[in-house]
Amino acid sequence: MGTYRFFLAVLVALSHMEVSVSGMNPGVFAVISFFLISGFVMTGLVRTHYMQWRAVPRFYLDRVARIFPQYVLFMALTGLALVVLRFQSPYLAQFSGTALWANVLVVPLDFFMFSPAIAGFMLIPQAWSLGLELLFYLLMPWLLLGRVRGLALVASLAVWGVAAFGFIHTDTWGYRLLPGTLFMFLAGSYVYDQPRPSWRHPALWLLAALLTVAVLLVAMGKHSLPYNREVVGGLLVGIVALFWLARLPRTDWDDWLGNLSYGVFLCHFLVMWLFESALGHPAGQPWPGSTLAAMLAVCVLLAWLGFVLVERPVLRWRHRLRQRGRG
């Protein structure tokens, strides 16, 4: 799934570079697919290496070692560039100690909508989704070992449905917080356990439910609520794509692109702010195609450096940790 993950990371970057598709945000579509992939991969990781209660702390250590090394690298680079170049952005408008700690800890970023202090200073604004991922990691071993995954999926789907129809805040509860998004991760989890679709597959029943909800949203005029179209579309396409991708063999090229995807996801705001500063481009305005290509090329270069200098050494250690867990 490395090529697919790289493509999704590029979509997220383009969405923050003011690229839209028929009025929709491609980054939201991509993030939903990232949730599905995360559920798929974490299920494989837990079942293969950490499927015992005593192994859960090692799983958490594995996940910290995955998320934080490159994150800290690009957060530090962004902070240094901010001090030197004085970027102007709503995401960097109000520094505070509270916001700084939120950036370091990552998880509080997922709750930025409840804290003006955090919302006013986010060095890697898209990292709110990493906070959500970390919360999912905390919960995932307990759902599998406790065998309550199905109940959690149904409960989360209900929360999302209430949000999608506007009874609670659609963006907050239907896209950003774990109660309304957990079922997306768990859909990927079920695909891992049963990669071939059948009429009894929970993910196919979820697809049928989503299609029904999509029809109702359009009929009731609720499809225009924040990100409803992107979330539903991301789920429908993402689940189908996951069934297909799960059966494809891995290749070196695919792994290489997958290794770059996280860095591209992390560094693109830094690259965009650097280009804005160098070219005097007004924030929030569309970019020429040639400049978009140049920014993406710089993102790929930084992602490669981040993987080689930071991620690859940690990856070797994580593999040794998993082997000890399996033993």
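Structure: above.
Computed from a predicted structure; not experimentally measured.

Rules used in this analysis
- Here the residue numbers are simple positions, counted from 1 along each chain's written sequence.
- Per-residue local features of the predicted model are confined to residues with pLDDT of at least 70, and side-chain atom pairs are confined, for both listing and counting, to 80 or more; whole-chain, interface and lining totals are unaffected and use all residues.
- Values shown for side chains rest on all heavy atoms present in the structure; no hydrogens or waters enter the calculation.
- For helices, the fitted line uses only the C-alpha atoms of the stretch in contact; every axis is such a line through C-alpha atoms, and the angle between N-to-C directions lies from 0 to 180 degrees.
- Labels follow the DSSP assignment, with helices taken as runs of H or I lasting at least four residues and strands as runs of E lasting at least two, numbered in each case from the N terminus.
- For classification purposes, angles smaller than 35 degrees are called roughly parallel, those larger than 145 roughly antiparallel, those between 65 and 115 roughly perpendicular, and all remaining angles oblique.
- Helix crossings fall into two classes, left-handed where the near helix is turned counterclockwise from the far one by less than a right angle and right-handed where it is turned clockwise.
- Should any heavy atoms of two residues lie within 4.5 Å, those residues are considered in contact.
- Residue polarity follows a fixed list, in which Ala, Val, Leu, Ile, Met, Phe, Trp, Tyr, Cys and Pro are nonpolar, Asp, Glu, Lys and Arg are charged, and the others, Gly among them, are polar.
- Only buried residues count toward a nonpolar core. Its members are Ala, Val, Leu, Ile, Met, Phe, Trp, Tyr and Cys residues joined through side-chain atoms within 4.5 Å.
- Using a 1.4 Å probe on the protein chains alone, a residue whose accessible area is under 20% of its type maximum counts as buried, one over 50% counts as exposed, and one in between counts as partly exposed.
- Each patch groups residues whose relative accessible area exceeds 30% and which form no salt bridge, using 9 Å between like charges and 5 Å between nonpolar side chains of Val, Leu, Ile, Met, Phe, Trp and Tyr.
- Each accessible area value is a Shrake-Rupley result obtained with a 1.4 Å probe; residue values ignore everything except the protein chains displayed when judging cover.
- When a carboxyl oxygen of Asp or Glu is within 4 Å of a side-chain nitrogen of Lys or Arg, the pair counts as a salt bridge.
- In this charge count, Lys and Arg are treated as positive and Asp and Glu as negative; neither His nor the chain ends contribute.
- To locate a charge, the coordinates of NZ of Lys, CZ of Arg, CG of Asp or CD of Glu are taken.
- Expected span of a helix: the number of residues minus one, times 1.5 Å.
- Note on aromatic contacts: the rings of Phe and Tyr and the six-membered ring of Trp form a pair at centre separations within 6.5 Å, being stacked when their planes are under 30 degrees apart, edge-to-face when over 60 apart, and tilted otherwise.
- In plain terms, two cysteine sulfur atoms within 2.5 Å form what is called a disulfide here.
- Here the arc refers to the directions that run from the helix axis out to each C-beta atom.

Q: Is there a simple way to think about the packing of helix 2 (residues 26-49) against helix 9 (residues 178-193) in this case?
A: Two measures define how a pair of helices packs: the angle their axes make with one another and the distance between the axes. Across the interface, helix 2 lies against helix 9 with an axial gap of 7 Å and an inter-helix angle of 50 degrees. The pairing of helix 2 with helix 9 is recorded here as oblique in orientation. The way helix 2 lies across helix 9 gives a crossing that is right-handed. Counting all contacts with helix 2, which are made through Ile32, Phe35, Leu36, Ser38, Gly39, Phe40, Thr43, Gly44, Arg47 and Thr48, the residues of helix 9 involved are Thr181, Met184, Phe185, Ala187, Gly188, Ser189, Val191, Tyr192 and Asp193. Counted by class, the contact of helix 2 with helix 9 contains nine nonpolar, eight polar and two charged residues.

Q: Teacher, can you tell me more about the nonpolar core here?
A: Grouped together as the largest cluster of nonpolar side chains are 105 residues, with contacts concentrated most on Met17, Tyr71, Leu130, Phe136, Trp160 and Ile239. The element that contributes the greatest number of residues to this core is helix 12 (residues 252-279), accounting for 13 residues. Dropping the residues within four chain positions of it, Tyr71 is found in contact with Asn103, Val104, Val106, Leu109, Ile124, Ala127, Leu130, Tyr262 and Leu266.

Q: Can you walk me through the packing of helix 1 (residues 2-16) against helix 12 in this structure?
A: Contact geometry for helix 1 and helix 12: axes closest at 7 Å, N-to-C directions at 10 degrees. The pairing of helix 1 with helix 12 is recorded here as roughly parallel in orientation. In this structure, helix 1 uses Gly2, Thr3, Arg5, Phe6, Ala9, Val10, Val12, Ala13 and His16 to contact helix 12, whose residues at the interface are Asp254, Leu257, Gly258, Leu260, Ser261, Val264, Phe265, His268, Phe269 and Met272. Taken together, the residues of the contact of helix 1 with helix 12 sort by class into eleven nonpolar, six polar and two charged.

Q: Help me understand a positive patch on the surface in this model?
A: Among the surface-exposed residues, Arg312, Arg316, Arg320 and Arg324 lie close enough to one another that they form a single positively charged patch. Examined against the element boundaries, Arg316 turns out to sit in helix 13 (residues 289-326).

Q: I'm lost on the pattern of salt bridges in this one. Help?
A: On inspection of all chains with the given rule, the structure shows nine salt bridges. Between Asp62 and Arg318 there is a salt bridge, with its nearest N and O atoms 3.7 Å apart. Placement of Asp62 in helix 3 (residues 56-85) and of Arg318 in helix 13 is noted, with a sequence separation of 256 residues between them. The exposure classification of Asp62 matches that of Arg318, with both residues buried. Between Asp255 and Arg250 there is a salt bridge whose closest N-O contact spans 3.1 Å. Residue Arg250 is classed as exposed on the basis of its relative accessible area of 67%. The network of salt bridges with common partners includes Asp62, Arg63, Arg66, Glu311, Arg318 and Arg322.

Q: Explanation requested: helix 6 (residues 128-145) in the structure shown.
A: Along an α-helix, a turn takes 3.6 residues, which lines up residues three or four apart on a common side. For helix 6, spanning 18 residues, the distance from its first C-alpha to its last is 27 Å, which sits close to the expected 26 Å at 1.5 Å a residue. A large share of helix 6 lies buried, amounting to 15 of its 18 residues. Arg147 lies just past helix 6 and shows a positive phi near 55 degrees.

Q: Looking at this model, I keep getting lost on unusual backbone geometry. Mind explaining?
A: Both trends apply: most residues other than glycine have a negative phi, and most peptide bonds are in trans. Even without glycine at this site, Val106 takes up a positive phi of about 70 degrees. Turning to its location among the elements, Val106 is positioned in the loop between helix 4 (97-105) and helix 5 (116-119). Positive phi values are uncommon outside glycine, yet Arg147 reaches one of about 55 degrees. Along the polypeptide, Arg147 turns up in the loop between helix 6 and helix 7 (149-164). The exposed category is assigned to Arg147, whose relative accessible area is 77%.

Q: Can you walk me through the packing of aromatic side chains in this structure?
A: Geometrically, a pair of aromatic rings is defined through the distance of the ring centres and the angle of the planes. The full count for this structure, using the stated rule, is 17 aromatic pairs. With a centroid separation of 6.0 Å and 55 degrees between ring planes, the pair formed by Phe59 and Tyr60 is classed as tilted. Members of the aromatic cluster, joined through ring pairs, are Phe35, Phe136, Tyr137 and Phe185.

Q: Explanation requested: the state of the cysteines in the structure shown.
A: Working definition: the covalent bond between the sulfur atoms of two cysteines is a disulfide. This structure, assessed with the given rule, holds zero disulfides. As a non-bridged cysteine, Cys267 has Cys299 as the owner of its nearest cysteine sulfur, 4.0 Å distant.

Q: Got a minute to help me understand helix 4 in this structure?
A: Within the sequence span of helix 4, burial applies to Ala99, Ala102 and Asn103. The arc that holds every buried residue of helix 4, seen down its axis, measures 100 degrees, which confines them to one face. Among the exposed residues of helix 4, those pointing more than 90 degrees away from its buried face are Thr98 and Trp101. Here the buried face of helix 4 lies against helix 3 and helix 5. Looking at the residues trailing helix 4, positive phi occurs at Val106, about 70 degrees.

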